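Descriptive structure summary
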Amino acid sequence: MNFRIRELNLKDFEKQKILRELSVHPIGISIMKDKMILKLMKVEGIDTRAANILKQECLSLGGDCAIPHSAYNLKDERVDCIIIGTLSIYKKLIPKLKLQPFGLKIIAEELERILFNEKINKTKIGDKIFEWGKKTYIMGIINLTPDSFSEDGLYGENFIDNAIGLATLMVEWGADLIDIGGESTRPGSSPISYEEERERVIPVLKRLVKEIDVPISVDTYKPQIAKEALEIGASLINDTHALRFDNEMVKIVSKYNVPIILMHSIDGRGGKPPNENYYKDVILDIKQFFYERIEYAFDNGIKRENIILDPGIGFGKGVKDNIEIIKNISVFKSLGQPILIGASRKSFIGEILSLPVYERVEGTIAACLKAVEEGVDILRVHDVKEVKRAVKMYDEFVRGKDENIS
């Protein structure tokens, strides 16, 4: 025999590429590309009547929907189900569901948002363009505090020179951004005054903007600090309160037209949730929070491409919550915004490995690589050199390299 058959185990980003390598006509590629991408979508707590209609609609289009056996006799009021279909099938299914009762219209709109929502592909931070999806970007942390949870707080004697030296090293090690902050958010820490935060942050920032050539982020929720930092040359605001602390912050970010990181938290400070049942569903709760914060930012003049989302590892979450967040980054990616994760040296790593802060680098790398696998865009870390090397290698396995792939 003069032929052979082999199974193609391709990632989604590789499928258009292989069609081009086969010299398929561009029109053919446009027709076939959505037929090649299979998506399994789990719908939880759907009306049982809606589940039966959903299954019939999927079958009519060549897809399917897995539902519990009990759904056929309407034994349960609500059930979970799994939709099985290609993107091509979903494009036909969604309009049909919008005409159906029992909440299927809302489900259709959410499917549309997740599968076909316009995604932010690039963001200008300072004078650099960050192309989301091409690589994982590393943000190095400079803590200008005496009481950082990570035991790397630099505030004290010679803190300005020490901060500049560390930031310079981080850039040499491969940091794409530097994030400086003057107030600790560790569990049990107390807020500090504007004057104290300014004394820590502004002198360092004034030198940093002259001595390093990567964008500088300022970790603050105080609008006065943000305004002065942006005027000096900061390129990004990292707000642990997600624009909830002071209404002036959204005005400043909009006026200066800079990106902002909106982080999920209960009150902008670290620690576990108030009680075990605080979150009904931690992933859905965070997603709903992001819906509201994105809409608020957008309605107040902040451009879509300037919004970066941070689920807030360690901020009001327990060990299981933090693990769930990292495993479900794709849920947040469906919002269309770039995602940042700050798992570095966090307590959940210490609890799992029974290790102190200064011995958590391996756990940090493991958490970071899982986040990369799930599609994270920025990793905020203390151990830049080690994480950068691991992530650069891992990117070769999981990132698409073909610039023409949409």
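See the structure printed just above.
Residues numbered from 1 in each chain as written. Predicted model: local features only at pLDDT ≥ 70, side-chain atom pairs only at ≥ 80, totals over all residues. Heavy atoms only, no water.

**Re the overall build of the protein**
What the protein contains, in helices and strands, is 15 helices and 13 strands. Expressed along its principal axes, the backbone C-alpha trace of the protein runs to roughly 70 × 55 × 45 Å. Residue burial in the protein is summarised as follows: out of 406 residues, 50% are buried. Considering only residue pairs separated by 6 or more positions, the protein has 70% of its internal contacts joining residues 24 or more positions apart. About 20,200 Å² of surface is accessible on the protein, with carbon and sulfur atoms providing 51% of the total. (Helix = DSSP H or I, 4+ residues; strand = E, 2+ residues; numbered from the N terminus. Buried < 20%, exposed > 50% of the residue type's maximum accessible area, 1.4 Å probe, protein only. Contact = heavy atoms within 4.5 Å. Areas by Shrake-Rupley, 256 points an atom, 1.4 Å probe, with all protein chains shown as cover.)

**Considering the sheet that holds strand β2 (residues 64-66)**
Reading across the sheet, the three strands line up as β1-β3-β2 and stay open at both edges, with antiparallel pairing between neighbours. Whereas interior strands pair on both sides, the edge strands pair on one side only; in this sheet they are β1 (38-47) and β2. Pairwise comparison of adjacent strand axes, ignoring direction, gives a mean angle of 25° for this sheet. Bridging between β2 and strand β3 (residues 78-86) involves three bridges; their strand directions are antiparallel. (Pairing = 2+ DSSP bridges. Axes fitted to C-alpha atoms, helices over the stretch in contact; angles between N-to-C directions.)

**A look at helix α3 (residues 48-60)**
For an α-helix, 3.6 residues make a turn, and residues three or four places apart therefore share a direction. For α3, built from 13 residues, the straight-helix expectation of 18 Å at 1.5 Å per residue is met to within 8% by its first-to-last C-alpha distance of 19 Å. Listed as buried for α3 are Thr-48, Ala-50, Ala-51, Asn-52, Leu-54, Lys-55, Glu-57 and Cys-58. The inward-facing, buried residues of α3 abut β1, β2, β3, α4 (87-97) and α5 (104-116). One side-chain oxygen at the N-terminal end of α3 lies 2.8 Å from the backbone nitrogen of Arg-49; it belongs to Asp-47. (Expected span 1.5 Å × (residues − 1). Polar contact = N/O pair within 3.5 Å; in protein donor to acceptor, adjacent residues only side chain to side chain.)

**Observations concerning unusual backbone geometry**
With phi around 65°, Ser-23 is a residue other than glycine that occupies positive phi space. Counting through the fold element by element, Ser-23 comes out in the loop between α1 (12-21) and α2 (26-32). The exposure class assigned to Ser-23 is exposed, which follows from its relative accessible area of 64%. Of note in this structure, Asn-257 is not a glycine but carries a positive phi near 55°. On the secondary structure map, Asn-257 appears in the loop between α9 (248-256) and β10 (260-263). Residue classification places Asn-257 among the partly exposed positions, given a relative accessible area of 40%.

**Considering the nonpolar core**
Judged by nonpolar contacts, the single largest core of 72 residues is most densely connected at Ile-178, Ile-180, Leu-208, Val-218 and Leu-379. If one sorts the elements of this core by residue count, helix α10 (residues 282-299) sits on top with eight residues. When near neighbours in sequence (up to four residues on either side) are disregarded, Ile-180 contacts Ile-142, Leu-144, Val-201, Leu-205, Leu-208, Ile-216, Ser-217, Val-218 and Asp-219. Core analysis: the second largest hydrophobic core is formed by 24 residues, Ile-37, Met-41, Ile-67 and Leu-87 among them. (Core = buried A, V, L, I, M, F, W, Y, C linked by side-chain atoms within 4.5 Å.)

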